[in-house]
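Fold and contact review
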Amino acid sequence: MVLKETAIAFIVQGALDATKSCLQIGVDLFRGAKNRLEKIKNSLAEIHKFIVIAERSPIKDPELMKLLEKLKDAAYEGQDLLEEYAIVDRRRSEVAENSMPVRDTTTNKVRKVVTSVLVSPIIMRKKLKELNERLEAIEAEANAFQLKEKVTNLQIEFRKQRETHSFVHKSLVFERDEEKEEIVNWLLSNQAGDNENVSVISIHGIGGIGKTTIAKLVFHKESVQDHFKPKMWSLFRQRAFGNPTEEAVHPNLAPIGRDIVKKCRDIPLAVTTLGGLLCSERSQRKWEFVRDSEMWNLGDENEDGILPALRLSYNHLKPHLKQCFAFCAIFPQDYVMKKELVIKLWMAQGFIPTKRGMELEDNGDEIFDELVMKSFFQDVNAEKNYDYSYYSDSGRIWTTFRMHDLMHDLAHFVMENEYLVVHNGKSKDISPRIRHISSNGLGILAASLPKAQMLRTYVMLETYVMLKKQADFRFPCDVGLFKCLRALDFISQRDNRILRSSCLLPWAISNI
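Procedures and definitions
- Residues numbered from 1 in each chain as written.
- Predicted model: local features only at pLDDT ≥ 70, side-chain atom pairs only at ≥ 80, totals over all residues.
- Heavy atoms only, no water.
- Helix = DSSP H or I, 4+ residues; strand = E, 2+ residues; numbered from the N terminus.
- Buried < 20%, exposed > 50% of the residue type's maximum accessible area, 1.4 Å probe, protein only.
- Contact = heavy atoms within 4.5 Å.
- Areas by Shrake-Rupley, 256 points an atom, 1.4 Å probe, with all protein chains shown as cover.
- Salt bridge = Lys/Arg side-chain N within 4 Å of Asp/Glu carboxyl O.
- Axes fitted to C-alpha atoms, helices over the stretch in contact; angles between N-to-C directions.
- Parallel < 35°, antiparallel > 145°, perpendicular 65-115°, else oblique.
- Left-handed = near helix turned anticlockwise from the far one by under 90°.
- Core = buried A, V, L, I, M, F, W, Y, C linked by side-chain atoms within 4.5 Å.
- Phe/Tyr/Trp six-rings, centres within 6.5 Å; stacked < 30°, edge-to-face > 60°.
- Arc of directions from axis to C-beta.

In terms of regular secondary structure, the protein chain is built from 18 helices and ten strands. When each of the 512 residues of the protein chain is scored for burial, the buried share is 46%. Within the protein chain, counting contacts between residues at least 6 apart in sequence, those at least 24 apart form 66% of the total. Of the roughly 26,600 Å² that the protein chain leaves accessible, carbon and sulfur atoms contribute 51%.

See below:
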C-alpha cells in the first residue's frame, strides 16, 4: 500500500466537501460558476475513487507517486480557491446586512447601497476554469493509468514472491562467537530490563566489520527467541485484550494474535502498535486481515524504511486521524510537543470533524487519546510550568508528549515536500509547495520565506538557545503575503518570562 495517498484522500475529500458547500449557496456569485463547480465536483469524486484503488497497491510505483503528488497539489489549490469562494459569499451577506440606508433624491425611496467590490468576477471565473481543466486533465491521466488492472497484477505477483528474511551463512562468520555470547548473556540477564524498563545495547564499529551479522545471529539464537517471545506475547495481549477475561471470551483470536506477534520480529513498538490497533476489534476476519496482509511481504528493510507493522496501523486509522498524526511531522524528531497547542493547530487546519454537542477541543482530546492508545504518540506527561508563562498563564498545567523516532519517520514520509523544520535559519531554498514551517526563529529565512506562497502554518519551536536569547521574535516578512495562512504561533519575552501566543486564523483568509 502506498502510504502517501491515504493523506491525499483526506485532502481530496476536503476539496470535494468545499465544492458541495459552494453549490449549496443560493446565489450564483459569478455568472457560470455553478456549472464549473459541478464539473469540479464530478472530477474530484472520480479522483477520490482512484485513490481508494491506489491504497491496495503493495509497492511504490514511481509513475503512480508522480501522479499522486500532482493530484495532491491540485486538491490543495482547489481547497484554497473554493474556501475563497465561500468567503466571498459570507462577505457579500455581511456587506448587505451592514450597508447604510440611503434616500434616493429622485424617487424619494430608501435603499441600501453596497459599494464594496469583493473579488473580480473575471478573476474568479478564470481561476475556476483553470482548476476545472487541471482536474479533468488529472482525471484523464488517472483513467489512462489503468490502475485497477495494475494493482490486481501486482498483488498476484507479490503473493508469489517469498517473504524477505534475515539469513546468515554461519560458515562465513569468523571469530565472533565471544562477542555474540557476551551479548546473548547480557540479554538473558536481569540487567536487560523488563517490559516497563527496556534497556538497549548498541554495537559499534567501522562499516563492514560485521555489526549487522552479529545482531542477526543473536536475534536467531534459540535461547534469545525463547526468552523474548513470551514477553512479546504478554505485551501484545495486554494491549489487544486488556485483561484475561476479555481474552477468554474470544479464544479464537489468541492463535491469530500469536501469528501477528511472530511477524513483528520481537520489535516492541510494532507489537504495541498492532495491539493498540486491534484492541477495539473482536472480528476474527479483521484480525486475519492484519495477519495475512501483503504488507508483511515488504520486509523490515523496504525502500522507505517503514516497518510493515507501522504501515498496517497507519493504514487502518480513520482519515482525520491519519492527517492529525502526519501533521506532527512539522515538529523535529524527539521534540517535546504540547497537546494543547497541537490540538489548536489541528483545529486551524480543519482536521477535526465536528460532532453534535461537542466542542472541537473535546473532540481533539479524543483524537489525541486514540493516537496515544495506538502508540502513535508516547511519553505523555502532565507538567506544571514553573519557569515561564505558557499562553501568558503562569503556573498552567499542560500535557506534553513525544513521537517515537520510527513513528516520526512514518509521519515524515507521508508529509515530505509539504513541511520544513528550520534550525537557526539554516535551510535549503524553500519550495513553493511548502505549506507548514516550524522554526526556532533565529535568523529565519528572511529572503526565501516569501516563496512559500501556499503557507498555511508557521510554528515557533521552544529551544534552550531561544530561552537564553531573550529577544522578541519578529516575523521575517509581510504576513499579508500568505493568503492561505491558517495558524501563526509566536513566542516572545516579557519581564524575563517567555510568552506564547497562537493566532488561529479563519479558513483560507483571502486578505490578511
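There's plenty left to go through after this.
Enumeration according to the criterion identifies 23 salt bridges in this entry. Of the charged contacts, one joins Lys41 and Glu38 as a salt bridge, the two residues approaching to 3.4 Å between their closest N and O atoms. Here Lys41 pairs with Glu38, and both are found in helix H2 (residues 33-54), just three residues apart, close to one helical turn. Beyond isolated ion pairs, a larger network of salt bridges with shared partners links Glu69, Lys72, Asp73, Glu418, Arg433 and Arg435.

One can describe the packing of helix H10 (residues 253-263) onto helix H12 (residues 284-291) by two numbers: an axis separation of 9 Å at closest approach and a directional angle of 20 degrees. In this view, H10 runs roughly parallel relative to H12, as classed from their interaxial angle. The chirality of how H10 crosses H12 is left-handed. In this structure, H10 uses Leu253, Ile256, Gly257, Asp259, Ile260 and Lys263 to contact H12, whose residues at the interface are Gln284, Trp287, Glu288, Val290 and Arg291.

Let us now look at unusual backbone geometry. Look at Asp334: it is not a glycine, yet its phi comes out positive at around 70 degrees. Take Asp334: it is sitting in the loop between helix H14 (319-327) and strand E3 (337-338). Located in the positive-phi region is Asp379, a residue other than glycine, with phi close to 55 degrees. The residue Asp379 is located in strand E4 (residues 378-384) in this model.

This paragraph deals with the packing of H2 against helix H4 (residues 121-144). If you want to describe how two helices pack, look at the angle between their axes and the distance between the axes. Viewed as axis vectors pointing N to C, H2 and H4 meet at an angle of 30 degrees, and their least axial separation amounts to 9 Å. In terms of orientation, H2 lies roughly parallel with respect to H4. For H2 against H4, the interelement crossing comes out left-handed. Of the residues in H4, those in contact with Ala33, Arg36, Leu37, Lys39, Ile40, Ser43, Leu44, Glu46, Ile47 and Phe50 of H2 are Leu128, Lys129, Leu131, Asn132, Leu135, Glu136, Ile138, Glu139 and Ala142.

Moving on to the nonpolar core. One finds Phe325, Phe331, Trp346, Leu371 and Phe377 to be the most contacted residues of the largest nonpolar core, which totals 44 residues. Mapped by element, the contributors of at least two residues to this core are helix H1 (4-23), helix H13 (308-315), H14, helix H15 (339-349), helix H16 (360-373) and helix H17 (405-415). Discounting chain neighbours no more than four positions away, the residues touching Phe331 are Met337, Val342, Leu345, His408, Val459 and Leu461. Among the nonpolar cores identified, the runner-up in size contains 38 residues, and Ala33, Ile47, Met65 and Ala142 belong to it.

Another point: the packing of aromatic side chains. If you walk through the whole model with that rule in mind, you get eleven aromatic pairs. Where Tyr314 meets Phe325, the ring centres are 6.1 Å apart and the plane angle is 55 degrees; that geometry is what we call tilted. Note that Tyr314 is positioned in helix H13 and Phe325 in helix H14, a separation of eleven residues in sequence. Assessed through its relative accessible area of 0%, Phe325 is described here as buried. Taking the centre distance of 4.9 Å and the plane angle of 70 degrees together, the rings of Phe368 and Phe401 count as edge-to-face. One end of the pair, Phe368, is in helix H16; the other, Phe401, is in strand E5 (residues 397-402), with 33 residues separating them in the sequence. Across this residue pair, the class does not change: Phe368 and Phe401 are buried. Members of the aromatic cluster, each reached through a chain of ring pairs, are Trp233, Phe236, Phe241 and Trp287.

Below, the discussion takes up H14. Taking burial as the measure, the nine residues of H14 include eight buried ones, the bulk of the element. Among all positions of H14, only His320, Leu321, Lys322, Gln323, Cys324, Phe325, Ala326 and Phe327 are buried.

A few words on the environment of Leu410. Mapping Leu410 onto the fold places it in helix H17. For Leu410, a relative accessible area of 0% puts it in the buried group. Residues Leu410 and Phe376, spaced 34 residues apart in sequence, show a C-alpha to C-alpha distance of 9.8 Å.

Below, the discussion takes up the environment of Ala240. Considering the arrangement of structural elements, one finds Ala240 in helix H8 (residues 222-240). On the basis of relative accessibility, which here comes to 0%, the residue Ala240 falls in the buried class. Along the sequence, Ala240 and Gly257 sit 17 residues apart, while their C-alpha atoms lie 8.6 Å from each other.

Along H12, the residues that are buried comprise Trp287, Val290 and Arg291. The buried side chains of H12 occupy one side of the element, clustering within an arc of 100 degrees when seen end-on. Residues of H12 that are exposed and angled more than 90 degrees away from the buried face: Arg285 and Phe289.

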